Amino acid sequence: MNENRGPRWRQRALGVLLAALAAVLIWVVAVPLAGVDLDATMAEGQAPTRINLGMVVAAALIISLLGWALLALLERVSRHGLRIWVIVAVVFLLLSLAGPTMAETGGAMVALALMHLAVGGVLIAAMIRSARR
């Protein structure tokens, strides 16, 4: 049974929003509820930056939208666009895990790594699902 859950673009837009929401939920649990200071050093010699909710939302949305754009491009130029995109997305997700190592504390590192994994995991799953409808 093939359920029609709306146009592909709607499913993908929902995936982008859910990926951002996943990051927001982790931020809410980590920062206001658990009291983790999400501080990270962005560049050598600079003072740590406090990662706030706006930064989390912006980063999740921008990366997710860029991922969607890449998928759309790959689908236009290759009949294996989804397969190529999944490989690229997984590689980028793994590489992104270097970012949380710049956190100032172990708790911040864990929270940031969970955000990266949540955004990547939700987005990859949503894009695969939307392509297989």
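Here we come to the pattern of salt bridges. A complete count under the given rule lists 4 salt bridges for this structure. Between E75 and R8 there is a salt bridge; the shortest N-O distance is 3.7 Å. Placement of the pair is E75 in helix 2 (residues 53–77) and R8 in helix 1 (residues 8–33), with a sequence separation of 67 residues. Residue E75 is classed as partly exposed on the basis of its relative accessible area of 26%. Given a relative accessible area of 35%, R8 falls into the partly exposed group. Note that R12 is salt-bridged to E75, the shortest N-O span being 2.8 Å. In this pair, R12 is assigned in helix 1 and E75 in helix 2, connecting sequence segments 63 residues apart. By sharing partners, the salt bridges in this structure join R8, R12 and E75 into a single network.

Within the fold, S64 resides in helix 2. Overall, S64 belongs to the buried group, its relative accessible area being 0%. Leaving out residues up to four positions away in the same chain, S64 has contacts with V16, A19, V119 and L123.

A cluster of nonpolar side chains, L14, L18, L21 and L25, forms an exposed patch at the surface whose accessible area comes to about 360 Å². Locating L14 in the fold gives a position in helix 1.

We now examine the nonpolar core. Among the nonpolar cores identified, the biggest contains 31 residues, and L38, W85, M115 and M127 are the most heavily contacted of them. Here this core gets 9 residues from one element, more than from any other, and that element is helix 4 (residues 106–131). Not counting chain neighbours up to four residues away, the residues in contact with W85 comprise G67, L70, L71, L74, L123, I124 and M127.

It is worth spelling out the side chain of S130 at this point. Residue placement: S130 occurs in helix 4. Reaching out from S130, the side chain makes a polar contact with the backbone oxygen of M127 at a distance of 2.9 Å. Residues contacting S130, with those up to four places away along its chain left out, are R8, Q11 and R12.

Moving on, we get to the packing of helix 2 against helix 4. Between two packed helices, the angle of one axis relative to the other and the distance separating the axes together describe the packing. Helix 4 packs onto helix 2 with a crossing angle of 30° between their chain directions and a minimal axis gap of 11 Å. In this structure, helix 2 crosses over helix 4, and the sense of that crossing is right-handed. Every residue of helix 4 that contacts helix 2 at V56, A60, S64, W68, L71 and E75 is listed here: M115, V119, L123, M127 and A131. Residues that form the contact of helix 2 with helix 4 fall into these classes: 9 nonpolar, 1 polar and 1 charged.

What counts and how
Residues numbered from 1 in each chain as written. Predicted model: local features only at pLDDT ≥ 70, side-chain atom pairs only at ≥ 80, totals over all residues. Heavy atoms only, no water. Salt bridge = Lys/Arg side-chain N within 4 Å of Asp/Glu carboxyl O. Helix = DSSP H or I, 4+ residues; strand = E, 2+ residues; numbered from the N terminus. Buried < 20%, exposed > 50% of the residue type's maximum accessible area, 1.4 Å probe, protein only. Contact = heavy atoms within 4.5 Å. Patch = residues over 30% accessible without salt bridge, like charges linked within 9 Å, V, L, I, M, F, W, Y side chains within 5 Å. Areas by Shrake-Rupley, 256 points an atom, 1.4 Å probe, with all protein chains shown as cover. Core = buried A, V, L, I, M, F, W, Y, C linked by side-chain atoms within 4.5 Å. Polar contact = N/O pair within 3.5 Å; in protein donor to acceptor, adjacent residues only side chain to side chain. Axes fitted to C-alpha atoms, helices over the stretch in contact; angles between N-to-C directions. Left-handed = near helix turned anticlockwise from the far one by under 90°. Nonpolar A, V, L, I, M, F, W, Y, C, P; charged D, E, K, R; others polar.

No statement about biological role is implied by the geometric values presented.
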